[in-house]
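Report on the structure
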Protein chains: 2
Amino acid sequence: MINRDIKVLIVGLGLIGGSYARALIKKKFHVTAITKEQSSIDYAIKEKIIDEGYSYVNESAVKEADLVIFSLYPHVFKDWISKNQHLFKSGAVITDVTGVKKSVVYDIQDMLRKDVEFIAAHPMAGREVYGVENSTEKIFCGANYIVVPTKKNTQRAIKLCEDLGFILGFERVSILTPKEHDNIIGFLSQLTHCIAVSLMTCCENEHLFSYTGDSFRDLTRIARINEDMWCELFLLNKKALTEQMDIFIKEFTNLRDLIDGENEEKIKEKMRLSTKRRALFDKK
Amino acid sequence: MINRDIKVLIVGLGLIGGSYARALIKKKFHVTAITKEQSSIDYAIKEKIIDEGYSYVNESAVKEADLVIFSLYPHVFKDWISKNQHLFKSGAVITDVTGVKKSVVYDIQDMLRKDVEFIAAHPMAGREVYGVENSTEKIFCGANYIVVPTKKNTQRAIKLCEDLGFILGFERVSILTPKEHDNIIGFLSQLTHCIAVSLMTCCENEHLFSYTGDSFRDLTRIARINEDMWCELFLLNKKALTEQMDIFIKEFTNLRDLIDGENEEKIKEKMRLSTKRRALFDKK
């Protein structure tokens, strides 16, 4: 497992960065944070979820870090590395939480100094609220963590990143290539956000809260969406996402036509397949 | 409020019928049940959620009931009334929990004896599991209850049905016409079930449970679906449902094209609208 004497630096102390900090400080790691807002640092210090924090790029904080975790928007993350990578400690391992990989991992690995290593990861956890004030390590309980190495990564860094997933409290740690990751996330995460948004925007429905059941609430929980982050993620994964959307439209239109044609047997067949498959997805 | 001395008969002791029984017995009503399976009666007696129960149409149980609640599939419900309505007590009020109304309410009211009254209702609560063993009155907490009267209904029965909603523990009781109800439910409930099923059937995804986050879990919870009940409900509300499906397909395809065209401003505008509207739907 990861040596507890290492120093961890979290860059970007929002919902996910804050949840990482909470999990790591409980496991006795030394956690430093760099983030834009001084108020987030103040909150995190008060709550004792970081040891130290800065609202600017504190050079010695970067220089001392053995493990640097970026929890920033993809374009901000790339900019940060390009401006500040001269500060990294030689031998440091860098990881991230970004929701798309192909458009991020190769660029970062190409520009990065040869004596530090970037290993990408995607924690499949989140909430529909933002900020360190809403962070909680409970979102990792029962959740999945995906390590996304390329051919450039060493076994040491892959192992360290897998260990990080378990230390954070994730239930299951898997490995995917950047391409596999982006296709799967296009389906599991991005497609579902597109559906939730479309459900809320397809018709005037503001008066309907008096009549709704949990089905509609569940399908639209993620329709409260951070437009800057998700728009960026959608466009960075445009090809995989629009392919998944096309596959979904085709299947949904097929079901619509079966209902219109009152094809009971085929409708029930789809429901049986749906029921059988969905049983696999419950949290253990 | 409803006089607690009345005798309540629940016909169909499954998830919803059982949850009604639990709520009503706690409020000290006398609750009798008629249902197909003796094992459901045995369970309900053992759990003390009914006072008496029968796996056949016990004549005196029907004759003594002041309030009869049907929790059956629409076609079974209609058959039951047509065969056994001679047994109802004069002055009895009959209600239901059926998920579609236009195709049920008028038929029942037309065939019913003039000295009993049918007032339709739809509890917007459920679970993705079945049977009295999974019933719990907690599903009504924070939930919506819709009373669906026609011009034939008396104020007395409408009031009684509204009171029933509150007694069961629902948060909000509303009134809709059968047509309004079916359109709204086509959108809020049936459309969302069609989406969930299509998400599970649109591609082979059985290995994806290792990578999923809560978004996909939330959007597909209701993809575990009772195919006989939902297929019947879909076909009974075919016109409203396919209209809602067409509206959704149009909006979703529009979002797909905005992503494909990288129209950031329009995508973010939709996300802002979605976020604003969704805030209204959280349980209080």
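For the structure, see preceding data.
Described in the following lines is the structure provided in the data block. (Residues numbered from 1 in each chain as written. Chains lettered and ligands numbered in written order. Predicted model: local features only at pLDDT ≥ 70, side-chain atom pairs only at ≥ 80, totals over all residues. Heavy atoms only, no water.)

Some thoughts on the overall build of chain A
Which entries qualify depends on this criterion: The secondary structure listing takes helices from DSSP runs of H or I that are at least 4 residues long and strands from runs of E that are at least 2 residues long, numbered from the N terminus. Our radius of gyration looks at C-alpha atoms and nothing else; its globule reference is 2.2 Å times the residue count to the power 0.38. Working rule for contacts: check all heavy atoms of both residues, and any pair within 4.5 Å makes them a contact. Residue burial considers only the protein chains on display, and all accessible areas are found by Shrake-Rupley using a 1.4 Å probe.
Broken down by element type, chain A carries 11 helices and nine strands. A globule of 284 residues ought to have a C-alpha radius of gyration of about 19 Å, and chain A, at 21 Å, matches this closely. By principal-axis analysis of the C-alpha atoms, chain A measures approximately 70 × 45 × 35 Å. Counted over contacts in chain A with a minimum sequence separation of 6, partners at least 24 positions apart contribute 69%. When the accessible surface of chain A is totalled, it reaches about 11500 Å², and 51% of it is carbon and sulfur.

Comments concerning the interface of chain A and chain B
Note the threshold: By buried area we mean how much accessible surface two parts lose on assembly, using a 1.4 Å probe and totalling the loss over both. Put simply, a salt bridge is a Lys or Arg side-chain nitrogen that is within 4 Å of an Asp or Glu carboxyl oxygen. In protein, a polar contact requires one atom able to donate a hydrogen and another able to accept it; more generally it is a pair of N or O atoms within 3.5 Å, and residues adjacent in sequence count only if both atoms are side-chain atoms. Each residue receives one of three labels: charged for Asp, Glu, Lys and Arg, nonpolar for Ala, Val, Leu, Ile, Met, Phe, Trp, Tyr, Cys and Pro, and polar for the others, Gly being one of them.
Tallying the contact residues gives 82 residues for chain A and 82 residues for chain B. Carbon and sulfur atoms make up 67% of the area that chain A and chain B hide from each other, which totals about 9200 Å². The largest per-residue losses of area from chain A upon contact with chain B belong to Tyr211(A), Phe252(A) and Phe281(A), which jointly make up 9% of the total buried on that side. Scanning the region where chain A abuts chain B turns up 14 salt bridges. Glu262(A) is paired through a salt bridge with Lys238(B); the nearest N and O atoms lie 3.3 Å apart. Our count for the chain A to chain B interface comes out at 40 residue pairs in polar contact (both at pLDDT 80 or more). Breaking the side of chain A that touches chain B down by element, the ones donating at least two residues are strand E8 (144-148), strand E9 (172-175), helix H7 (178-201), helix H8 (214-220), helix H9 (227-236), helix H10 (238-260) and helix H11 (264-278) of chain A. Classifying every residue of the side of chain A that touches chain B gives 40 nonpolar, 17 polar and 25 charged.

Focus on the relation of the copies chain A and chain B
What counts is decided by this rule: The atoms used to superpose the copies are C-alpha atoms, taken from residues with pLDDT of at least 70 in both, and the fit is least squares.
The operation relating chain A to chain B is a screw motion whose rotation component is 180°, with 0.0 Å of axial translation and a residual RMSD of 0.0 Å. Interpreted geometrically, this transformation is the action of a two-fold axis. Ranked by how close their C-alpha atoms come to the rotation axis, the residues of chain A are headed by Leu219(A), at 2.3 Å. Both copies share a contact surface, since 100% of the interface residues of chain A are interface residues in chain B too.

A short note on the nonpolar core
Operational definition: To qualify as a nonpolar core, a set must consist of buried Ala, Val, Leu, Ile, Met, Phe, Trp, Tyr and Cys residues joined through side-chain atoms within 4.5 Å. Between buried and exposed lies partly exposed: a residue is buried under 20% and exposed over 50% of the maximum accessible area for its type, with that area taken using a 1.4 Å probe on protein chains only.
In terms of nonpolar packing, the biggest core is built from 126 residues, with Phe88(A) and Phe88(B) touching the most fellow members. Once residues lying within four places of it in the same chain are set aside, the contact partners of Phe88(B) are Val62(B), Val68(B), Phe70(B), Trp80(B), Ile81(B), Ile94(B), Leu112(B), Arg113(B) and Val116(B).

Considering the sheet that holds strand E7 (residues 120-124) of chain A
Residue and element names in this part refer to chain A. Our working definition: When DSSP finds two or more bridges between two strands, those strands count as paired. Simply put, an axis is a line fit to the C-alpha atoms, just over the touching stretch for a helix, and the angle between two N-to-C directions goes from 0 to 180 degrees.
The strand order across the open sheet formed by three strands is E7-E8-E9, and the pairing between neighbours is mixed. The open sheet is flanked by E7 and E9, the only strands paired with a single partner. Adjacent strand axes in the sheet meet at a mean angle of 20°, parallel and antiparallel pairs treated alike. Contacts between H7 and the sheet are confined to E7 and E8, with E8 contributing the most and set at about 145° to the helix.

Brief notes about the packing of aromatic side chains
Residues and elements named next belong to chain A. Put simply, the rule reads: To pair, rings of Phe, Tyr and Trp, with the six-membered ring standing in for Trp, must have centres within 6.5 Å; the planes then decide the type, stacked if under 30 degrees apart, edge-to-face if over 60, and tilted in the middle.
For the structure shown, the criterion picks out 28 aromatic pairs over all chains. Centroid distance Phe248 to Phe252: 5.7 Å. Interplanar angle 20°. Geometry classified as stacked. Of the two residues, Phe248 and Phe252 are both situated in helix H10; the distance of four residues between them amounts to about one turn of the helix. For the pair Phe248 and Phe252, a shared accessibility class is recorded, and that class is buried. Each residue in the set Phe70, Phe77, Trp80, Phe88 and Phe118 is aromatic and connected to the rest through ring pairs, giving one cluster.

Section: unusual backbone geometry
Residues and elements named next belong to chain A. In this model, Lys28 sits at a positive phi of 75°, which is unusual for a non-glycine residue. Tracing the sequence through the fold places Lys28 in the loop between helix H1 (15-26) and strand E2 (30-34). For Lys48, which is not glycine, the phi torsion reads 60° and is therefore positive. In this fold, Lys48 is placed in the loop between helix H2 (38-46) and strand E3 (52-54). For Lys48, a relative accessible area of 65% gives the class exposed.

Details of the pattern of salt bridges
Evaluated as defined, the whole model comprises 48 salt bridges over all chains. We note a salt bridge from Asp96(B) to Lys101(B), for which the minimum N-O separation is 2.9 Å. One exposure class covers both Asp96(B) and Lys101(B), and it is buried. Notably, a salt bridge pairs Glu251(B) with Lys270(B), separated by 2.9 Å at the nearest N-O pair. Residue Glu251(B) is found in helix H10 (residues 238-260), and its partner Lys270(B) is found in helix H11 (residues 264-278); the two are separated by 19 residues along the sequence. Accessibility expressed as a relative area gives 11% for Glu251(B), which makes it buried. By relative accessible area, Lys270(B) is classed as buried at 16%. A single salt-bridge network, built from bridges that share partners, covers Asp246(A), Arg256(B), Asp257(B) and Asp260(B).

Examining the pairing of strand E1 (residues 7-11) of chain A
Residue and element names in this part refer to chain A. Of all five residues in E1, four are buried, a share of seventy percent or more. With five bridges connecting them, E1 and E2 associate as parallel partners. Looking at E2, one finds that Lys7 is bridged to His30. Here E1 pairs with strand E4 (residues 67-70) via four bridges, running parallel. Across the sheet, residue Val11 finds its bridge partner in E4, namely Phe70.

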